[in-house]
Every structure is written in C-alpha cells, then in structure tokens.
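Geometric and topological summary
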Amino acid sequence: MCIHLPQWPATRYLRRHPEHAGSPLAIIRSTGQRRVVVDVNDLAQTEGIRPGHSAAEARALCPHIVNVDWDPAADDRALCALGRWMNRFTPIVARGWKDEVDDAMPSVGSFVGATHASPAARASHAARGRRMRRPYKEPEPAALFLDLTGCERLFGSTVQIARHVRRALLRFGFRGRLAIAPTLGAAWAFATSSDKPALISTVKLTEAIKSLPVAALRLSPDIVSDLHRLGLHHVGQLLDISRGEFPSRFGSEILLRLDQLTGAVPEPLTGLITPAPVTARVSFEAPVEALENIWLVWEKLLALVLADLARRGHGVRQLRLTFTPDRGWGKPSVVRTIQLSRAHRDASTLLNLIRCECDRVDIEHGFTRFQLDVPLHEPVDESQTQLFERQYEQDALELEKLLQRLRGRLGPRTVVRPQLVESYIPECGWQPHQDESPGTTATLPHRPLTLLPMPQEIRVLCEPSDDRTGSPRQLMWNGQVHRLTHTVGPERIAGEWWRGHNRTRDYYDAQSHTGDRFWIFRVLKMLREDIAANWFLHGAF
Amino acid sequence: MKWVTVSDNTLHVQERRSTDAGGRSDSRTPSFRDAITPAAVHELVFDPRGLGSPPMFPALVAARAAIDANDKAKALIWIDPAGSLYPPAVMAGPVPIGEFDLVRPTTDDDTTWATVECLRCKQVAVVVSLIMHKLSRVEVRRLQLAAESGGAAAILMRPNLKSAAIDVYAAATRWHVSPAPGERTIQRWKIKQIHGHGRSDFLLEKNRATGQIDFVHPPAAMARDPLLAQTS
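Residues numbered from 1 in each chain as written. Chains lettered and ligands numbered in written order. Predicted model: local features only at pLDDT ≥ 70, side-chain atom pairs only at ≥ 80, totals over all residues. Heavy atoms only, no water.

Focus: the overall build of chain B
- Assigned secondary structure in chain B consists of five helices and eleven strands.
- Evaluated residue by residue, chain B yields a buried proportion of 54% over its 232 residues.
- Across chain B, contacts joining residues at least 24 apart in sequence account for 64% of those joining residues at least 6 apart.
- On chain B, roughly 9800 Å² of surface is accessible, and the fraction owed to carbon and sulfur atoms is 50%. (Helix = DSSP H or I, 4+ residues; strand = E, 2+ residues; numbered from the N terminus. Buried < 20%, exposed > 50% of the residue type's maximum accessible area, 1.4 Å probe, protein only. Contact = heavy atoms within 4.5 Å. Areas by Shrake-Rupley, 256 points an atom, 1.4 Å probe, with all protein chains shown as cover.)

A word on the side chain of T414(A)
- Position of T414(A) among the secondary structure elements: in the loop between α17 (390-410) and β13 (415-416).
- Of note is the side chain of T414(A), whose polar atom sits 2.6 Å from the backbone oxygen of L410(A).
- Setting aside anything within four residues of it in sequence, one finds T414(A) in contact with L102(B), V103(B), R104(B) and P105(B). (Polar contact = N/O pair within 3.5 Å; in protein donor to acceptor, adjacent residues only side chain to side chain.)

Topic: the pattern of salt bridges
Residues and elements named next belong to chain A.
- Scanning all chains against the criterion turns up 28 salt bridges over all chains.
- Across the pair R35 and D69 runs a salt bridge, and its minimum N-O distance is 3.8 Å. Placement of the pair is R35 in strand β3 (residues 34-40) and D69 in strand β4 (residues 66-69), with a sequence separation of 34 residues.
- Ionic contacts of the salt-bridge type, sharing partners, join the residues D308, R311 and R312 into one network. (Salt bridge = Lys/Arg side-chain N within 4 Å of Asp/Glu carboxyl O.)

Comments concerning the interface of chain A and chain B
- At the interface, 44 residues of chain A touch 48 residues of chain B.
- Summed over both partners, the interface of chain A with chain B comes to about 4300 Å²; 61% of that surface belongs to carbon and sulfur atoms.
- Between chain A and chain B we count five salt bridges in total.
- Residues D110(B) and R409(A) are paired through a salt bridge, measuring 2.8 Å at the closest nitrogen-oxygen approach.
- Mapped by element, the contributors of at least two residues to the side of chain A that touches chain B are α17, β13, β14 (418-420), β16 (450-462), β18 (480-493), β19 (505-512), β20 (517-527) and β21 (530-540) of chain A.
- Broken down by element, the side of chain A that touches chain B gets its largest block of residues, nine residues, from α17(A).
- Split into classes, the residues belonging to the side of chain A that touches chain B amount to 22 nonpolar, 13 polar and nine charged.
- In this sheet, strand β5 (residues 101-103) of chain B lies alongside β13(A) in antiparallel orientation, the contact comprising two bridges. Bridge pairing in β5(B) places V415(A) opposite V103(B). (Buried area = accessible area lost by both parts, 1.4 Å probe. Nonpolar A, V, L, I, M, F, W, Y, C, P; charged D, E, K, R; others polar. Pairing = 2+ DSSP bridges.)

Brief notes about unusual backbone geometry
Residue and element names in this part refer to chain A.
- Even without a glycine there, the phi angle at R218 is positive, about 60°.
- Relative to the helices and strands, R218 is located in the loop between α10 (202-208) and α11 (221-229).
- Classification of R218 by relative accessible area gives buried; the value is 10%.

Quick word on the environment of P490(A)
Residue and element names in this part refer to chain A.
- Inspection of the secondary structure assignment puts P490 in strand β18.
- Its relative accessible area of 48% is what places P490 among the partly exposed residues.
- In the structure, P490 is positioned 16 residues away from D506 in sequence and 5.4 Å away in space, judged by C-alpha atoms.
- In contact with P490, other than residues within four places in its own chain, are D506, Y507 and Y508.

Examining the packing of aromatic side chains
All names here are of chain A.
- Under the criterion given, the structure shown has 19 aromatic pairs over all chains.
- Ring geometry for F284 and F370: centres 6.1 Å apart, planes at 80°, overall edge-to-face. With F284 in strand β9 (residues 278-288) and F370 in strand β12 (residues 367-379), the pair connects residues that are 86 residues apart, well separated along the chain.
- Judged by relative accessible area, F284 falls into the partly exposed class, the value being 32%.
- We classify F370 as buried; its relative accessible area is 0%.
- Geometrically, the ring pair formed by F323 and F367 is tilted, given 5.1 Å between the ring centres and 55° between the ring planes. Here the residue F323 occupies a position in strand β10 (residues 314-324), and F367 occupies one in strand β12, the gap between them amounting to 44 residues. Judged on exposure class, the residue F323 and its partner F367 are both buried. (Phe/Tyr/Trp six-rings, centres within 6.5 Å; stacked < 30°, edge-to-face > 60°.)

Digging into helix α4 (residues 72-85) of chain A
- With 14 residues, α4(A) extends 20 Å between its outermost C-alpha atoms, agreeing within 8% with the 20 Å of an ideal straight helix rising 1.5 Å per residue.
- Here α4(A) has its buried residues at A74(A), D75(A), L79(A), C80(A), L82(A) and G83(A). (Expected span 1.5 Å × (residues − 1).)

With respect to a positive patch on the surface
- Together, R88(A), R163(A), R167(A) and R171(A) make up a region of like positive charge exposed at the surface.
- Looking at where R167(A) falls in the secondary structure, it is placed in helix α8 (residues 158-172). (Patch = residues over 30% accessible without salt bridge, like charges linked within 9 Å, V, L, I, M, F, W, Y side chains within 5 Å. Lys, Arg positive; Asp, Glu negative; His and termini not counted. Charge placed at Lys NZ, Arg CZ, Asp CG, Glu CD.)

Quick look at the nonpolar core
- Formed by 53 residues in total, the largest nonpolar core has its most connected members in F32(B), L76(B), W78(B), F100(B), V126(B), V128(B) and W175(B).
- Counting 35 residues, the second largest nonpolar core, distinct from the first, contains C2(A), I200(A), L258(A) and L261(A). (Core = buried A, V, L, I, M, F, W, Y, C linked by side-chain atoms within 4.5 Å.)

Some details on the pairing of strand β6 (residues 143-146) of chain A
All names here are of chain A.
- Because side chains alternate across β6, one face comprises the buried residues A143 and F145, and the other comprises L144 and L146, equally buried.
- Sheet topology places strand β1 (residues 2-4) next to β6; three bridges connect them, and they run antiparallel. Each bridged residue has a counterpart across the sheet, and for I3 the counterpart in β6 is L144.
- In this sheet, β6 lies alongside strand β5 (residues 93-95) in antiparallel orientation, the contact comprising three bridges. The residue bridging R95 from the neighbouring strand is L144, located in β6.

Some details on the sheet that holds strand β7 (residues 177-180) of chain A
All names here are of chain A.
- An order of β5-β6-β1-β7-β8 is seen for the five strands of this open sheet, with the pairing classed as mixed. The open sheet has two edge strands, β5 and β8 (198-199), and neither has a second partner.
- For β1 and β7, the ladder comprises three bridges, and the chain directions are antiparallel. Pairing of I3 across the sheet is with L178, part of β7.
- Those strands touched by α8 are β1, β7 and β8, and its axis lies near 165° from that of β7. (Axes fitted to C-alpha atoms, helices over the stretch in contact; angles between N-to-C directions.)

Describing the confidence of the model for chain B
All names here are of chain B.
- Here chain B shows a mean pLDDT of 78. Residues at 70 or above account for 77%.
- Within the model, pLDDT remains below 50 along residues 5-11, and this stretch shows twelve contacts once partners closer than five positions in the same chain are excluded.
- Every residue in residues 14-26 scores below 50 in pLDDT, and together they form 20 contacts with partners more than four places removed in sequence or on other chains.
- Predicted as a complex, the structure gets a pTM of 0.58 and an ipTM equal to 0.79. (pLDDT = per-residue confidence, 0-100.)

As for the packing of helix α3 (residues 108-120) of chain B against helix α4 (residues 137-150) of chain B
All names here are of chain B.
- Interhelical geometry of α3 versus α4 gives an angle of 20° and a closest axis separation of 7 Å. On the basis of the axis angle, α3 is roughly parallel to α4. The way α3 lies across α4 gives a crossing that is left-handed. Residue-level inspection shows T112, T115, V116, L119 and R120 of α3 in contact with α4, the latter providing E139, R142, L143, A146, A147, S149 and G150.
- Taken together, the residues that form the contact of α3 with α4 break down as five nonpolar, four polar and three charged. (Parallel < 35°, antiparallel > 145°, perpendicular 65-115°, else oblique. Left-handed = near helix turned anticlockwise from the far one by under 90°.)

Regarding the environment of G315(A)
All names here are of chain A.
- Take G315: it is sitting in strand β10.
- Taking the C-alpha atoms as reference points, G315 and E378, separated by 63 residues in sequence, lie 5.5 Å from one another.
- Here G315 is in contact with L309, A343, H344, L376, H377, E378 and V380, once residues within four sequence places are set aside.

Pasting the structure below:
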C-alpha cells in the first residue's frame, strides 16, 4: 500500500500552528540570494501561487500571505513518526524508496558523453547540465509504503486496512491518497495519479497500468516532458514500443521504472527502524535520602544502560534522569537532562556529569524511584580508545569534557560554538552550532566586535541637509557628549520584510575625538509630512 | 617603522618601514608577540568611562598572539558575561580565529569559575575573559595556578576602577589600553605596558579598508603631545 501525502510541508506546519489555518500559506526555501516557494496550502493555491514561484511573486499575487521557512528535517521527523504509527497495520513501513538510478546515471553520461556520444545521449547529457544549473529543486515527495503481505487476515481484508488508514489520516487532519497494488511502483503510480483510493490485484495489474500517465512513473521531469513532446502520454503506449528503443534515447531509467511497475525487477521495501528505548530504573520501598546513596543508585543504573549500549556499539548523546519522590509527599518527579556534544561511553565521565546534576536537585525528602533514559544515542568509534592511543584520545576528549562541565553548571544555552549564518540583519548573523547544518564561510563586511544586545537610543546632531540624511557630527549618550571627527557611511541595511522586520537602517562607523569608534544607525520615519530620524547606538569597534 | 607626528590637532603617520621581505612590521617594534606567553595571566586594563566598552579588539590580537605562541593547543574560549561580543567579527574579521567557544555566564562567581575551569584544560590555548568585578587575593592566585597547570594563556579585560591602586593581580604582564585618535579608515589604540618585563609602549592600528593590523612605535613626541596625552 502506498500513502501519498501531497502538500506535506504545509500540512505539517498547519497541524503544528493551527492559528494560520485560515490564511494562505507558502513554505519558503532560501537558495543563495533567491527565496523560492517550496509548498503552498489550498488557499494559496486558489490565489494562483505554485511551488517554484519566488517569494516576491507570491507576495505580489497575494499580499497577506504567510511566509514560513522550510524545515526539511522537521518534515522528515513528522513523516517518520507517522510511519511508526502505521506500524500497527504491518511490521514493515518504508518512507519513500531506495533509488539506485540516480547513482548510476551520471556514470553513463560521463562514459558516453566524452568521446563518441550519440545525439540523443548528448541531448540528455545537456538536459542533465540544465538540471544541475537550475537552482530550484523540488523537495522529495512525502509517501509511506506499507507492506501488507499477510496482514490482511488480522483486519479482515485489505479493504478494511485501507478504510482504517483513511479514517486515521482524516482524524490526524492529513490528506492522503491511498493505493494498494502488488508492486511499489504501481502503488505509487496509482496513489499519485488519482484522488480516489485504488485497489489493484495481481491479476488486473497488467491491464490497469496501461491507462496510467507517464508522469506517474517516477521519471525525471525532463524525460517526462520529452515523452510528452513525442506524443507518449500513457504507460500503455510505452509498453507497445519495443524495449530496445529506449536506452539509446533516454538511458536506462524508463526501462527500469517500467520493470518496477510490472514487477519484473524486484524493489524491496526498506523499513523504518524503530530502536528499542535504552532505559533502566529501580524502585525502593523507603526513600533514599543520602547523596552518596543516590550516587550509588545512578552508578548501578548507568552500568546497566552502558552495557546495553555496548551491545549496540553506541554511546550516549543525551541522558535523562528522573527522580520520583515518595507518593506521600505529593510532589512531582524531578527530571534533569544532560546533553553531550559527542557520543560517550565512559562511565566515569558520565557519572561526574550525573553528580553535578544531583548537586542541583533538592533531596530533602529523598526519592523512591530512579529512572535513567538515553533518548539520544549514536554509534561511537571505539577502535582506538581501547589499546594504544588511549592517552591521545583522552587528551582530545578533554575539551569536550570541559564544555560539558561548563554546560552542566551554567546551562546548555550559555556555552555555544558560534556558526556564521547568511543574513543581512547583523543580529541574525550567527547561531549556536548545530550538527546538521554546515555554516557559511562568506566574507563579512566590516563589523564591530561589541554589539549591544539591544540598540540604545541616542541623540545625534547632524550636518544640515534637506531630507535629514546628513552625516552625524556629535552624539550624546550616557550623559556625555562625543564629538565625531570621522564618519564612514552610510551603509544601508534593509530589513527582512518577510520576517516582519521592515525598517531600513543607515549605519555609520563614527569616531569620536577621543578615539572611540561607534557603530550607530539611523531609522527614518514619516511624521505626517515631516521626516524625523531616530538614532541608535548598536555597537563599538 | 612608522613615525607619527601631530599638527593641527590631527595625527600624521609617515611610512618609514624597515620591513622584511614579507612586508610585515619591523620586528623591533614592540608588540604582543613575545610578551603574551602561554601558561600565564595577562591583563588588559581599560577605562570604563567614556564609551566604556572593553577593548575587545586588542584582546583579540593578544589572543591570536597567544594561539601562535602555543605549540600544543589551539582552542580559544571567550567568556563574555556582558553578552555583547559579536561572534562573526571574531570568526571572519581582520584577525581570523575560525571556530571558538563562547561562554556567557550570568554571575560574577560563575565568570571566575568558568575562567579557572577553562584555564585548567590542556586543550585550550587561550581564554579571553571580561572580569568587571573585583577579584579577591585567593581568586587571583587561583587563576594564576590554573593557567600554570593547564598551559593556557589568560587574557583578562579588567576595568581601571578607582580602587585599582589597591586591586590585586597576579599577572605576568599588565597593559593599559585606551583608544587613541585615528583617521577615517584607521582606528588606533594606545597600549602601555604597566607591569612585566620590557615596559613597552606602542600603538595598535587597524585599517578598516584593508584589514591590515600594525604595531607602531610611539613617537617621542607622544609623551608631550596634548592630544594623545589626554587619552592616557
């Protein structure tokens, strides 16, 4: 069974933020300088906005559109969560398909295109070149595949399962298109080509696929448009042509997809892996009150958890400690989370971190239940830590341990590794480092080292000018007058209007007579028919 | 070498460099280069009046010198309790550092504790810390011992308070840093060594157009110059 979820990014966002349900919504993705619409909801679609438009076009078509940044990782997580939920129908639920076509294709092109390429191969090579240059790339379609082989007996019939799935999707607020077919390719083709649920049996498959459009074949858009130009619109027309005609003109892609559709080439489903949670807990009849005993409890629990992780070859990335007091006190459980910047399986390091956490927990009445969870764990490279380079490894770990200690006492948000972010707004120019996103290495314009968390309003005397855009001459701040001897500017920084930040700032690098260098900016605003300027101090060089 | 002369209330700099082939400044010009040693505490004392912002750029230059002097560790940790450091200017500014770790403690005790903890780590080359509060004799000693045991250089930015005369320190070098009048594209700091060997004075120059950094000999006239003298 294939469950195709159209408009997945928009649907997912609206489920999380129901307040935007009544307005047109566009999911935006930034590629370099361009901001492209990735997905829209129905209301935006009625306004004429389509994926592939730029953010400015979308705003021109519909001024009150809500723009949201695309979060592919969150979309993926949500799809996996839905897939895990679908596990109640079958043990094998796959997200999308494993494609080997894309890996094989460039090698064909590079072999043929270099020396004695046929015209068609050269054309397809050029088409691939076009594709690579094109900045807009469609997001992967959201789909779940359920292997229902043998599961229909539990629910009565496959139709019953389809009914359950449909009802569940409606309850979740998702619009899904369902199709049940003997092959993955056919299920996908029937799910995407019609809104009605389709049930295709093995007997009817050969006949049913003939009426499918070629666009449902999971081919690249260039090949589909080429086929349309040749007058080939349905799969039946493709099947009538002799198989030898395709490879020289379009490469191996069409034949592979056709074979996958009919089942001549098997396409196994790769199921989502749902790891069993790593956890350990212990309960006592009487509360444990002494700090030393609590440490001992955690030590035992940690040993259990680490033994479990050692079997998997994993290390801890996140630890969750749950202290539950005796019920008689009527107090809620205390939950503490320890974040680690890389996977660890060293008991003494982890125990030290746990001790630091214990110090900050109020243990006046003691606790009767302790639970240690590892919500996040990763494979750890242990080949070198065992034998020769143990000392070297431990040196390298020292910085990690230091940062963990600092995070333990000061809090996770206080200790960060900054990462550059491409943004016009100076305040948005960096973010704490995240593992998934690589930072930009763009060259930075001249920026101050001191940037006030909030710009401070100051009074400034300017050179006289008609439109109040003269250079600053003197500024007053903190009750002191600073005479400005040199100014460099203005550097105009426009606000990112799509984030609701629409004030344009004119920045000056101004030096006072004593040598202090200020970074000040002016915001122009209209007061009836008069232009007034507000000045702010934003930083110092 | 550069000579600075003053006339009409402005500074004029004459290029008279006895540079080596690489075009760098004369090696005889005093700078942070040999003074900022690993496994020691170095203090940049600044005047909290005026703009009152700490001398971030001189601290960054000193930190770079400390990283270059350290042959084992290269990591930089910047402890910024005021929360006003702009990390992109450190990572991609005229003194490129690359990656570093930023710590933003909220209390004075946490600031001192974090500085000591970072200094103890053998993988850290330099810890830059803004310490606005008064340090006790014990804390000062603890900082020094931590730097000696870990091998990192500590660059502490400390305000020149009224009570500075009785304020305690255990630093290998102390520098008084104050802004000096610059030019349209050149920003200057006057840096005067107030503790440690050498007692060197120099001007630190940053050119915002070219991104070049220069250490300039103080002219003999500077001591008599009213314009520069008033900033010290």
